[in-house]
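Single-letter residue listing:
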Amino acid sequence: MPTVINKHGLARHIPEPVKRAVRQACANGCVICGRMPYEYDHFDPPFEDAKDHHAVGIALLCSVHHTDRTAGRLSVDAVRKARVKPFNAGRASVWSHHLTEQSLTLNVAGNILQGPSVGLSVNGAIVFGLRAPGTVDGQWLVTGSINDSSGRETLRFRDNEVLAVNGSWDVSMEGPTITVRRGTGDIVVQVSFRTEDQVISLERLNMRLGGGHALHANRSGIQVSGPAVNFQVGGNIVIGATGCAIRLGRDSEPPKDFATLAINFAALGSPNDWRD
Ligand SMILES: [Zn+2]
């Protein structure tokens, strides 16, 4: 059993603000190799001697480098040096998924999408989508790109990789859930990979669209708000082959190679308008 409380009475649990400070200092990945997921390593002092959880003495290490640390094959000095200039400084942190389930469902804020290629699109651009195995090693591939409310790209889905774009205020990975925030309590996007339930979910979203509009996703559903377009949708089901869609608006065509929940209003612009 791991030590829950050390000889100084310090609990193993690290308070969330300290964890966030460590993630920010370590650029959201193992300081040595950049990998997500990671563990929080008390390198100076080691946890058994620590009297407090100080962010400066904690580094993110992937399971491989954490094992090396624990075994003494990776020195405290090397971790300290790497934490000053972490591997991910100036680059995206990347998580590689491995999705080979028989079937997977995409849940976009309570809207269910099932089929070989499914997604949420706005004016023909896939914001968040899923493609069935067949193209790369029999794996489901996630696609899409999320920008925040000021037009900064924060999360990109490319093949079997999730890329948290460099410069995000905070990126956390807890259980099956990846959350990107742009400030305290200000969630840009939250996605969950609940593979045992065979569901990939877009649970939260706060994204800028064109013409002063915003795209939100939460427990109430998907909402678009702004000067020209306002609606909320939840509880829809799209099941089918590519080309089938629930269409909201008629100003553009949904992507032909996806079954989509398709939002098509010219006032919402294109990705060029959403991003700085
Ligand atoms: Zn590593």
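Residue positions within a chain follow its written sequence, with the count starting from 1. Under the rules for a predicted model, residues below a pLDDT of 70 receive no local features and side-chain atom pairs below 80 are neither given nor counted, while totals for whole chains, interfaces and linings still include all residues. The side-chain numbers reported here are obtained from all heavy atoms of the structure, hydrogens and water having been left aside.

1. Some words on the coordination of the zinc ion
Here the zinc ion is held by Cys-30 (SG), Cys-33 (SG), Cys-62 (SG) and His-65 (ND1), and the distances to it run 2.1 to 2.3 Å. Distances up to 2.8 Å from the metal define which N, O and S atoms are donors, and 3.2 Å serves for Na, K and Ca; water is absent from the atom set, so sites may look incomplete. Tetrahedral means four donors with every angle between 85 and 135 degrees, whereas square planar (four donors) and octahedral (six donors) require angles over 155 degrees between opposite donors and between 65 and 115 for all others; sites fitting neither are termed irregular. Its four donor atoms give the zinc ion angles of 99 to 116 degrees at the centre, a pattern that matches the tetrahedral case. When the donor residues of the zinc ion are listed from N- to C-terminus, their spacing reads C-x2-C-x28-C-x2-H. With a gap of 29 residues between them, Cys-33 in the loop between helix 1 (16-25) and strand 1 (39-42) and Cys-62 in the loop between strand 2 (58-61) and helix 2 (63-71) connect regions that are remote in the sequence. Exposure is judged per residue with a 1.4 Å probe applied to protein chains only, and the accessible area is read against the type maximum: over 50% gives exposed, under 20% gives buried, and values in between give partly exposed. Taking the relative accessible area as the measure of exposure, Cys-62 reaches 2% and is therefore buried. Only DSSP runs of H or I covering at least 4 residues are called helices, and only runs of E covering at least 2 are called strands; the numbering of each starts at the N terminus.

2. So, the pattern of salt bridges
Salt bridge, as applied in this entry: a Lys or Arg side-chain nitrogen positioned within 4 Å of an Asp or Glu carboxyl oxygen. In total, this model carries 17 salt bridges according to the counting rule given. Its salt-bridge partner being Asp-68, residue Arg-73 comes within 2.9 Å of it at the nearest N-O pair. Within this structure, Asp-44, Asp-77, Arg-80 and Lys-81 form a network of salt bridges that share partners.

3. With respect to the sheet that holds strand 3 (residues 93-96)
Paired strands are those between which DSSP finds at least two bridges. One open sheet holds the eight strands; their spatial order is 3-10-9-8-7-6-20-19, and the pairing between them is mixed. A strand with exactly one partner marks an edge of an open sheet, and here the two such strands are strand 3 and strand 19 (245-248). The mean inter-strand angle of the sheet, taken between neighbouring strand axes irrespective of direction, is 15 degrees. Across four bridges, the pairing between strand 8 (residues 141-147) and strand 9 (residues 153-158) is antiparallel. From the neighbouring strand, Asn-147 faces strand 9, where its bridge partner is Glu-153. Angles here are taken between N-to-C directions and fall from 0 to 180 degrees, while the axes themselves are lines fitted to C-alpha atoms, restricted in helices to the stretch in contact.

4. Examining unusual backbone geometry
Met-36 connects to Pro-37 through a cis peptide bond whose omega is -5 degrees. Note that Pro-37 resides in the loop between helix 1 and strand 1. In the segment running from Asp-44 into Pro-45, the intervening peptide bond is cis, with an omega of -5 degrees. Tracing the backbone through its elements, the reader meets Pro-45 in the loop between strand 1 and strand 2. Located in the positive-phi region is Asn-123, a residue other than glycine, with phi close to 45 degrees. Checked against the element boundaries, Asn-123 lands in the loop between strand 6 (117-122) and strand 7 (125-131). Positive phi, normally seen in glycine, also occurs at Gln-198, with a value near 60 degrees. By the secondary structure assignment, Gln-198 is in the loop between strand 13 (186-194) and strand 14 (199-208). Accessibility expressed as a relative area gives 32% for Gln-198, which makes it partly exposed.

5. Quick word on helix 2
Turning to helix 2, its buried residues are His-65, His-66 and Arg-69. In a view along the axis of helix 2, the buried residues occupy a sector of 105 degrees, so they form one face of it. The inward-facing, buried residues of helix 2 contact strand 1, strand 2 and helix 3 (76-84). When we speak of the arc, we mean the arc of directions from the helix axis to the C-beta atoms. Residue contacts are defined here by distance: any two heavy atoms, one from each residue, within 4.5 Å place the two residues in contact.

6. Remarks on the domain arrangement of the protein chain
Each assigned domain of the protein chain is listed here: domain 1 (16-89) and domain 2 (95-274). For every domain, the bounds stem from an assignment made automatically or drawn from a database. Here domain 1 and domain 2 have C-alpha centroids that lie 32 Å from each other. Residue-level contacts link nine residues of domain 1 with 11 residues of domain 2. Reported buried area values correspond to the accessible surface (1.4 Å probe) lost by two parts on association, with both partners' losses combined. Here domain 1 meets domain 2 over a buried area of about 890 Å², counting both sides, of which 50% is carbon and sulfur. Connecting domain 1 to domain 2 are two salt bridges. Salt-bridge contacts for Lys-19 lead to Glu-174; the nearest nitrogen and oxygen are separated by 3.6 Å. Polar contacts, as used here, are pairs of N or O atoms within 3.5 Å; protein pairs need one atom able to donate a hydrogen and one able to accept it. Residues neighboring in sequence count only if both atoms are side-chain atoms. Taken together, the connections running from domain 1 to domain 2 amount to four residue pairs in polar contact (both at pLDDT 80 or more). Grouping the amino acids of the side of domain 1 that touches domain 2 by side-chain chemistry returns three nonpolar, three polar and three charged. Under this grouping Gly is polar, as are all residues other than the nonpolar Ala, Val, Leu, Ile, Met, Phe, Trp, Tyr, Cys and Pro and the charged Asp, Glu, Lys and Arg.

7. Some thoughts on the environment of Gly-221
Among the structural elements, Gly-221 can be located in strand 16 (residues 221-225). With a relative accessible area of 0%, Gly-221 lands in the buried category. Spatially, the C-alpha atom of Gly-221 lies 7.3 Å from that of Asn-111, the residues being 110 residues apart in sequence. Every residue in contact with Gly-221, bar those within four places of it in the chain, is listed here: Ala-109, His-216, Val-233 and Gly-234.

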